[in-house]
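The lines below spell out each chain.
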Amino acid sequence: MPGKLPAGQGFKIMSGPVLTIDLEKIEKNARAIVSLCREHNIKVAGVTKAACGMPQVARAMIRGGIQEIGESRLENIHRLRASGINCTLILLRIPPLSEVDEIVASVDISLNSELSVIKALSGAADRRGIVHKIILMLDLGDLREGIWPDDLMPMAREIIELPGVRIVGIGTNLTCYGGVIPTRDNMGALVEYARALEARYSVKLRYISGGNSSSLPLLASGKMPEAINHLRIGEAILLGRETVHRNPWPGTFQDAFLLSSELIELKEKPSLPIGEIGENAFGVKNTFEDRGNIIRGILNIGREDVNIEGLRPVDRRLAILGASSNHLLLDVTAAGTSLKLGDRPLFEVNYAALLSAMNSADVQKKVLLTEGSAEHALHALHASGVSLSGERGVIEAFKKRGLEKGLEAIGYQVFEAEETIASASGVKLALSKNRIPLILGRDHSISLTGFLGLSGQLDAFGLIWFDSKAGFSPSGMEQKEGQGRSALAAALGYGMSPAFRELKAHLSPENTVIIGLREVEPQEEELLAHSRVRAFTMGNIDELGIKEVVHQGLRIAASGTRGIYVSFRPAVVANLTEEESMEGLTFRETHLAMEMIAQSGLMKVMDVVGLEPGDPDRVFRKTLEFILSAFGKKILGKIYHV
Ligand SMILES: *Cc1c(COP(=O)(O)O)cnc(C)c1O
């Protein structure tokens, strides 16, 4: 299916625009750039700003050998940090005076050109007792940011005296505003300024940062001065192009990002509008060529969502005629009958289109991990066995009610861990044998064990946490960590224990979803609100319906991860456990949620917590039914596309 996604099969996609992001290709692009630069002793900062600082994209770059990330927005820096990206972060845009405190607290290095800002950074860093590193930007003629070369020495003299800041490098940015091309001359000038600065003030500059993707042709031609030891590369990694001529860069993919949207009208109509022609909706008077009747297609995407001029149909037989706010018009005549209503033609994006699509809330971002289709990934995840572990008494209580028989009836072989209590290594072992660990325990401390086990097997996983409580309680944190009320916060890096802190690199708050929330402490609410965890309260479920909530939840948890951990506390269900509540999920809603999870094929581990061996028979029997639904038993018997 070159050039389009099939209509309405397999993974249901929203009808609107979707940007698919192929992390494998980004990783390979990064590797190609990093290895070229390494040959020239150049270190590369991967620039994520066109991808809005999306942590999955940054991780793909890091897998490809990138050791530093450059970002221009603080908001994106926070997004990266919250997802456990702990490499050096460089703030690319000159800092605003109003944000110096936040900057010294959250970025390692900032690019600077204003003395008063550097003084303010100095004050902010000094108050915190830290040293903030700066790279001085020189304007070598592109006329965007940078110190005018004549001003460099006098400015440096003042900066050297400041506490709290240290000049670690000098850099320049070309081909951004003025379109000035990096050459041996202007790069040579940068090196000379660096050497002069080093000599005058007896400093050693670690970074001589010679620009962005537009510096690659000079580098490849062998004419880059040797002293240039750093580049900040965005477009060449994300879109596989250098930026002087926008030629594809050897060894990279140009289609790591693809945009698609749905064909909502397909008709044969004239190529020439009928009637007197004035300005269109955007104040432009167009001219049209009469080519007789053509087949015109309309897609449900427009200028509101994306920079239309930056799109190029993957199927080269399609041609973009134009667009209004919400409609994109295509000439599909050359494609004959191969397109039909409901199809989703694919488009390559240029930098401007990528930036706009990433920033549009209406464009769904769908992350692919492997080359090939999402369906393909699903089959690879299919497991044949279930491995039971957890607390002996709870396991026995479930077994007494037919846990093993139930699982066997839906096609799983059941294995039981030998140790009496779940361990991370046991969970990891079960996963390595392609079994789904089912962990049964009294409280969420066992979830942390499960997370650790899964993190030993997968670099990135998502979490769906079915609980009436958030596990974010600050008061819980003071008690034994990970016990019940603060387990989720501990897993996301808010706790003190180093064992759990490393989880942050595998589980991002951005891939964490709470479903069924109905009790939060005030302080907990605040922590949760800042955490980037997506919490669906019972109120949200009433408004959206459980199907939509689980659908969204799966999408969030699966985005850029290799599988999902499902944690289930039966108290999330109404009228089930001792924590009697009429407000929780209904039995039907719970079954539906579990069946959708089973159908997604994404569940790698499940835990069920909060039951005591002596709990009533009814609680165990009902909970067992929910577990079986999550493992694929059809109770409601419908098919749900997720
Ligand atoms: C955006 C930016 C880059 C990266 O530019 P690309 O053309 O995407 O490689 C590098 N440096 C600075 C200062 C930037 O703002």
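Residues numbered from 1 in each chain as written. Predicted model: local features only at pLDDT ≥ 70, side-chain atom pairs only at ≥ 80, totals over all residues. Heavy atoms only, no water.

1. Here's the deal with the overall build of the protein chain
In step 1: The secondary structure content of the protein chain amounts to 23 helices and 26 strands.
In step 2: Across its three principal directions, the C-alpha atoms of the protein chain cover 80 × 75 × 40 Å.
In step 3: Here the protein chain holds 642 residues, and the buried ones make up 55% of them.
In step 4: When contacts within the protein chain are restricted to residue pairs at least 6 apart in sequence, those whose partners lie at least 24 apart make up 70%. (Helix = DSSP H or I, 4+ residues; strand = E, 2+ residues; numbered from the N terminus. Buried < 20%, exposed > 50% of the residue type's maximum accessible area, 1.4 Å probe, protein only. Contact = heavy atoms within 4.5 Å.)

2. Considering the site of the ligand
In step 1: Near the ligand you find 14 residues, and of these Lys49, Ser213, Arg232, Gly234 and Glu235 are the closest.
In step 2: A distance of 2.6 Å separates an oxygen atom of the ligand from a polar side-chain atom of Lys49.
In step 3: Measuring from a nitrogen atom of the ligand, one finds a side-chain N or O atom of Asn173 at 3.4 Å.
In step 4: Among the residues making up the shell around the ligand, the classes are represented as five nonpolar, four polar and five charged. (Near = heavy atom within 4 Å. Polar contact = N/O pair within 3.5 Å; in protein donor to acceptor, adjacent residues only side chain to side chain. Nonpolar A, V, L, I, M, F, W, Y, C, P; charged D, E, K, R; others polar.)

3. Concerning the packing of helix 14 (residues 424–432) against helix 15 (residues 445–455)
In step 1: The contact between helix 14 and helix 15 brings their axes to 7 Å, and the two run at 45°. The orientation of helix 14 with respect to helix 15, classified from their angle, is oblique. Where helix 14 crosses over helix 15, the two elements pack in a sense that is right-handed. Across the interface between the two elements, Ala424, Val427, Lys428 and Leu431 from helix 14 touch Thr449, Gly450, Leu452, Gly453 and Leu454 from helix 15.
In step 2: Here the residues of the contact of helix 14 with helix 15 sort into five nonpolar, three polar and one charged. (Axes fitted to C-alpha atoms, helices over the stretch in contact; angles between N-to-C directions. Parallel < 35°, antiparallel > 145°, perpendicular 65-115°, else oblique. Left-handed = near helix turned anticlockwise from the far one by under 90°.)

4. A word on a nonpolar patch on the surface
In step 1: There is a patch of nonpolar side chains on the surface, built from Leu143, Trp148 and Tyr177 and spanning about 390 Å² of accessible area.
In step 2: Along the chain, Leu143 falls in the loop between strand 7 (132–138) and helix 6 (152–160). (Patch = residues over 30% accessible without salt bridge, like charges linked within 9 Å, V, L, I, M, F, W, Y side chains within 5 Å. Areas by Shrake-Rupley, 256 points an atom, 1.4 Å probe, with all protein chains shown as cover. Salt bridge = Lys/Arg side-chain N within 4 Å of Asp/Glu carboxyl O.)

5. Digging into the pattern of salt bridges
Side chains carrying opposite charge are able to pair once their charged atoms draw close together.
In step 1: The full count for this structure, using the stated rule, is 30 salt bridges.
In step 2: Residue Glu198 is joined to Arg195 by a salt bridge in which the shortest nitrogen-to-oxygen separation is 2.9 Å. Placement of the pair is Glu198 and Arg195 together in helix 7 (residues 184–201), with a separation of three residues, close to one helical turn.
In step 3: For Glu198, a relative accessible area of 12% puts it in the buried group.
In step 4: Close ionic contact of Arg291 with Asp331 constitutes a salt bridge, the shortest N to O distance being 3.1 Å. Of this pair, Arg291 sits in the loop between strand 12 (263–270) and strand 13 (293–299) while Asp331 sits in strand 16 (residues 328–331), and the two are 40 residues apart along the sequence.

6. As for the nonpolar core
In step 1: In this structure, Ile21, Ile26, Leu216, Phe257 and Leu259 are the most contacted members of the largest nonpolar core, which totals 97 residues.
In step 2: Ranked by the residues each element gives to this core, the list is headed by helix 1 (residues 23–39), at seven residues.
In step 3: Setting aside residues no more than four positions away along its own chain, Leu259 makes contact with Val18, Leu19, Ile301, Val306, Leu311, Pro345, Leu346, Phe347, Val349, Ala357 and Val363.
In step 4: Formed by 50 residues, the second largest nonpolar core is a distinct cluster that contains Val414, Met594, Ile627 and Leu628. (Core = buried A, V, L, I, M, F, W, Y, C linked by side-chain atoms within 4.5 Å.)

7. Examining the environment of Lys43
In step 1: The residue Lys43 is located in strand 3 (residues 43–47) in this model.
In step 2: Apart from residues lying up to four places away in sequence, Lys43 is in contact with Gln67, Glu68, Asn229, His230 and Leu231.

8. Re the state of the cysteines
In step 1: Under the defined criterion, the tally for this structure stands at zero disulfides.
In step 2: Counting only cysteine sulfurs, Cys37 is the nearest neighbor of Cys176, a cysteine outside any disulfide, at a range of 17 Å.
In step 3: Its relative accessible area of 39% is what places Cys176 among the partly exposed residues. (Disulfide = S-S within 2.5 Å.)

9. With respect to the sheet that holds strand 20 (residues 413–416)
In sheet architecture, strand pairing relies on hydrogen bonds along the backbone and comes in two forms, parallel and antiparallel.
In step 1: On the basis of which strands lie adjacent, the open sheet formed by eight strands has the order 20-19-21-26-25-22-23-24 and parallel pairing. Only two strands of the sheet have a single neighbouring strand rather than two, namely strand 20 and strand 24 (534–537). Direction aside, neighbouring strands of the sheet carry axes that sit 15° apart on average.
In step 2: Sheet topology places strand 25 (residues 564–568) next to strand 26 (residues 603–609); five bridges connect them, and they run parallel. Counterpart to Ile564 in the pairing with strand 26 is Met603.
In step 3: Along the sheet face, helix 14 touches strand 19 (385–390), strand 21 (435–441) and strand 26 and points at about 150° away from the line of strand 21.
In step 4: The strands touched by helix 15 are strand 19, strand 21, strand 22 (462–466), strand 25 and strand 26; relative to strand 25, the strand with the most contacts, the crossing angle is about 170°. (Pairing = 2+ DSSP bridges.)

10. Examining the sheet that holds strand 15 (residues 319–323)
In step 1: Reading across the sheet, the four strands line up as 12-13-16-15 and stay open at both edges, with antiparallel pairing between neighbours. Looking along the sheet, the strands with just one partner apiece sit at the ends: strand 12 and strand 15. Neighbour-to-neighbour, the strand axes of this sheet turn through a mean angle of 30°, independent of strand direction.
In step 2: Examined bridge by bridge, strand 12 and strand 13 share seven bridges and lie antiparallel to one another. In the strand pairing of strand 13, Leu266 is matched with Gly297.

11. Quick word on unusual backbone geometry
In step 1: For Ser202, which is not glycine, the phi torsion reads 50° and is therefore positive.
In step 2: Considering the arrangement of structural elements, one finds Ser202 in the loop between helix 7 and strand 9 (207–209).
In step 3: One non-glycine residue with positive phi stands out, namely Asn575, at about 55°.
In step 4: Mapping Asn575 onto the fold places it in the loop between strand 25 and helix 22 (587–600).

12. Some thoughts on the pairing of strand 18 (residues 364–368)
In step 1: Most of strand 18 sits inside the fold, with four of its five residues counted as buried.
In step 2: Pairing geometry for strand 2 (residues 18–22) and strand 18, over five bridges, is parallel. Residue pairing across strands places Val18 opposite Gln364, the latter belonging to strand 18.

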